[in-house]
Structure formats: C-alpha cells, structure tokens
Amino acid sequence: MTKMQQPSFIYLYDGGKTKSLNVKEIAISLRKRLRKAKVEIREDFIPKENFLETTARELASIKISDIKKKDTFLEPLPVEINYEKRRLMDSGHKAAGILYDGFRMLSIFAKLIPKIESNFNYCHIIFTNQLFGTWDENDLRYHARVAVFGFPSIISTTGVVEAPAKPREFYLKRQMGMNFLALKEEFKGRFIDYDDSRLTEVMKGYSLQALLFHMTGDPFCKDKNCRLYNAHWQEEVIHAQLKSEYELCNFHEKILTKTIIR
Ligand SMILES: [Zn+2]
C-alpha cells in the first residue's frame, strides 16, 4: 500500500518571518521521528524571476474581499499586483492583514514546485506569515485557518494567532467594551500571540498534521490529547500541542513513528 508510505524527502520552507518560529528545531524533531526521510530546510517559498510577475498577479487575484461571499474575487489593480511583487521579493515583509483563499493559494504554489519533486515521495511544507481562509459550508462564510493541507501544505504563523478562537470570556468582555490590549494582558498565556515563545513547539504539531495528510489524506485525530487534534479554540491548541501528557495517540504513534518502518 503506497498511501501509508512515508515520503523520502520533506522540505520545510522557512517563510514564517517571525523570530519565534525556529524551523531548524522542527526539522530536528521530524528527523527524530522519521528515520527514513531526509528533512531539509529551504528558504521562503518564492518563485523564480520568470514566474514572479505571474505569481504576483495570481496572489493579488485570490484576496477575499467579502468573507460572506464565496468565490467572488475582484480583478486585481496594478497597485495590488505590485504590492505582491514587492512582498515576494522582500524576505522580511510583514503580513498586511490580507485574507487569501487558502486552497487557491495552495494551487498557485503547487505550480511552482519543480516537476521532479511533484510526487508523493516529496512532502513540501510551506511556512508563511500570510493569512488565508477557507469557505465554510455550515455558516456560509470564510474562516481564517492555521493550515491548508495538500500538495504542498501551507501553515500560517499569522493564522495560528488569528484563526483558533480565544476563550469565550475574552469575546464577552470585548463586547462589553473592554480595551483590547488590557484583555490580551488578562488572558495572556491562554492563546498563542504574535512572537509567542511557544510557536515553534505548536508548529511541530501542525507539521505532523501536514505529514499525516500527505501519507493518509486525513490530517486529524479525534483525541484532544493528540497533536493531530483539529483544534478550533486556542485553549485546545495549547492543550494538544503543549500540555498533553503524550504527543500522539497510539494509533498515530504507530503511523508516524520511526519504530514501525520496515
Ligand atoms: Zn491521534
């Protein structure tokens, strides 16, 4: 069965653009787990010169302008295309609060992966600081996401702050008019913030989800203590990634661990 096979190569693209994301540490933890795979770090996922213009145009055209409208994208203005181009060329660029369509972003990146690396023997995991969302059929709106899994998988350092919900009381107090910064202080530690010292550890879990998706097509686990748990709340993220007594449940330990490789 080829589907459960671990990839021989895992490439991590270092585009999180925050000091608190240590991709090297993530690579080391993956190497420990997957003795067979070669884990390598690459620079931020940036198209080669000749693809720059096209990629900038494509990215500018997948901006979500109204989170309550599915698949309505506007023709990008030259200024928006130029913005994307500058962003692609400047490795230190901060995210500007744009929400992109996650699956479309994934397919734009997929085209840029060299042909020779476009098969299941290669797992590409892109870290980015761009924020993306996917359409939710249940409540008919886009939601920001931490990751979209596919070929490649994209994981967002902005998404991990913005996508999982903060504790309910946070929003209640916010509605009651409490100051945002004061609230952040009050709830400190109960959510992942920008430049959070726990970010690398949290992202190890999302990398494992990407890997599991690559191998099985299903990135998630139902066990709240497993790092593959599909967390919707910040406190669930923190529990699964940082506080749980074990890393993976038995089932996933078997799939994702070095010990079962024949
Ligand atoms: Zn599990």
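Here the structure is shown first, and the text comes after it.
These figures come from a predicted structure and were not determined experimentally.

Student: Describe in detail the packing of aromatic side chains, supporting the description with residues and values.
Tutor: Counting across every chain of the model gives 13 aromatic pairs. Taken together, the ring pairs in this structure connect Phe 170, Tyr 171, Phe 180, Phe 187 and Phe 191 into an aromatic cluster. Just above the ring of Tyr 11 sits the side chain of Arg 42; from NZ or CZ to the centre is 3.6 Å. If you follow Lys 166 out to its NZ or CZ, it ends over the ring of Phe 191, 5.0 Å from the centre.

Student: Report on the layout of surface pockets, specifying residues and quantitative values.
Tutor: Counted as a void, the largest pocket has a volume near 650 Å³. Along the wall of the largest pocket there are 28 residues; nearest its centre are Ala 144, Arg 145, Val 146, Ala 163 and His 232. Contributing elements (two or more residues each) for the lining of the largest pocket: strand E6 (141-145), strand E7 (147-148) and helix H8 (199-216). If one sorts the elements of the lining of the largest pocket by residue count, E6 sits on top with five residues. Taken together, the residues of the lining of the largest pocket break down into 20 nonpolar, five polar and three charged.

Student: Give a description of the packing of helix H1 (residues 23-33) against H8 that names residues and reports values.
Tutor: Put simply, H1 and H8 touch, their axes get as near as 10 Å, and they point 50 degrees apart. Between H1 and H8, the crossing angle belongs to the class labelled oblique. In this structure, H1 meets H8 at a crossing whose hand is right-handed. Contact with H1, carried on its side by Glu 25, Ile 26, Ser 29, Leu 30 and Arg 33, involves Thr 200, Glu 201, Met 203, Lys 204, Ser 207, Leu 208 and Leu 211 of H8 and no other residues of that element. A class-by-class count of the residues in the contact of H1 with H8 yields five nonpolar, three polar and four charged.

Student: Account for empty space enclosed by the protein, naming residues and giving values.
Tutor: One pass over the full model with this rule turns up one cavity of 30 Å³ or more. Lining the largest cavity we find 13 residues, and of these Asp 44, Phe 45, Arg 87, Phe 109 and Thr 128 sit closest to its centre. Mapped by element, the contributors of at least two residues to the lining of the largest cavity are helix H3 (78-89), helix H4 (102-110) and strand E4 (122-128). Class assignment of the residues belonging to the lining of the largest cavity gives a composition of seven nonpolar, three polar and three charged.

Student: Summarise the coordination of the zinc ion; cite the residues concerned and give the values.
Tutor: Protein-derived ligands of the zinc ion are Cys 221 (SG), Cys 226 (SG), Cys 249 (SG) and His 252 (ND1), with the metal-ligand distances lying across 2.1 to 2.4 Å. Around the zinc ion, the four donor atoms sit at angles spanning 95 to 121 degrees, and that spread fits a shape best called tetrahedral.

Student: Lay out the sheet that holds strand E1 (residues 9-15) in plain terms, naming residues and giving numbers.
Tutor: The strand order across the open sheet built from five strands is E2-E1-E4-E8-E7, with neighbouring strands paired in mixed fashion. Unpaired on one side and paired on the other, strand E2 (38-43) and E7 mark the two borders of the sheet. Summarising the sheet, E4 and strand E8 (residues 153-156) pair through four bridges and their orientation is parallel. Directly across from Thr 128, in E8, lies its bridge partner Ser 156. Where H8 meets the sheet, its contacts fall on E1, E4, E7 and E8, and the angle it forms with E4 comes to roughly 145 degrees.

Student: Which residues make up the sheet that holds E6, and what are the values?
Tutor: Here three strands make up an open sheet; going across it, the order is E3-E5-E6 and the pairing mixed. Looking at the sheet topology across the chains shown, the edges are occupied by strand E3 (99-101) and E6. On average, adjacent strands in this sheet sit at an angle of 45 degrees to one another, irrespective of strand direction. In the sheet, strand E5 (residues 131-136) pairs with E6 via five bridges, with the strands oriented antiparallel. By the bridge assignment, Asp 136 is partnered in E6 with Arg 141.

Student: Go over the pairing of E1, please, and point to the residues and values.
Tutor: Of all seven residues making up E1, five are buried, and the element is well covered by its neighbours. Looking at chain direction, E1 and E2 are connected through six bridges and run parallel. Directly across from Tyr 13, in E2, lies its bridge partner Arg 42. The handedness of the E1 to E2 crossover, carried by H1, is right-handed. Of the strand pairs in this sheet, E1 and E4 are connected by seven bridges, and their pairing is parallel. The partner of Phe 9 across the bridge, within E4, is Tyr 122.

What counts and what doesn't
Residues numbered from 1 in each chain as written. Predicted model: local features only at pLDDT ≥ 70, side-chain atom pairs only at ≥ 80, totals over all residues. Heavy atoms only, no water. Phe/Tyr/Trp six-rings, centres within 6.5 Å; stacked < 30°, edge-to-face > 60°. Lys NZ or Arg CZ within 6 Å of the ring centre and 35° of its normal. 1 Å grid on protein atoms, 1.4 Å probe; cavity = no way out; pocket = protein on both sides within 12 Å on 5 of 7 lines; lining within 4 Å. Points joined across faces, edges and corners; volume = space filled by probe spheres on them. Helix = DSSP H or I, 4+ residues; strand = E, 2+ residues; numbered from the N terminus. Nonpolar A, V, L, I, M, F, W, Y, C, P; charged D, E, K, R; others polar. Axes fitted to C-alpha atoms, helices over the stretch in contact; angles between N-to-C directions. Parallel < 35°, antiparallel > 145°, perpendicular 65-115°, else oblique. Left-handed = near helix turned anticlockwise from the far one by under 90°. Contact = heavy atoms within 4.5 Å. Donors = N, O, S within 2.8 Å, 3.2 Å for Na, K, Ca; no water. Tetrahedral: all angles 85-135°; square planar, octahedral: opposite > 155°, others 65-115°. Pairing = 2+ DSSP bridges. Buried < 20%, exposed > 50% of the residue type's maximum accessible area, 1.4 Å probe, protein only. Right-handed = clockwise from strand over helix to strand, strands pointing away.

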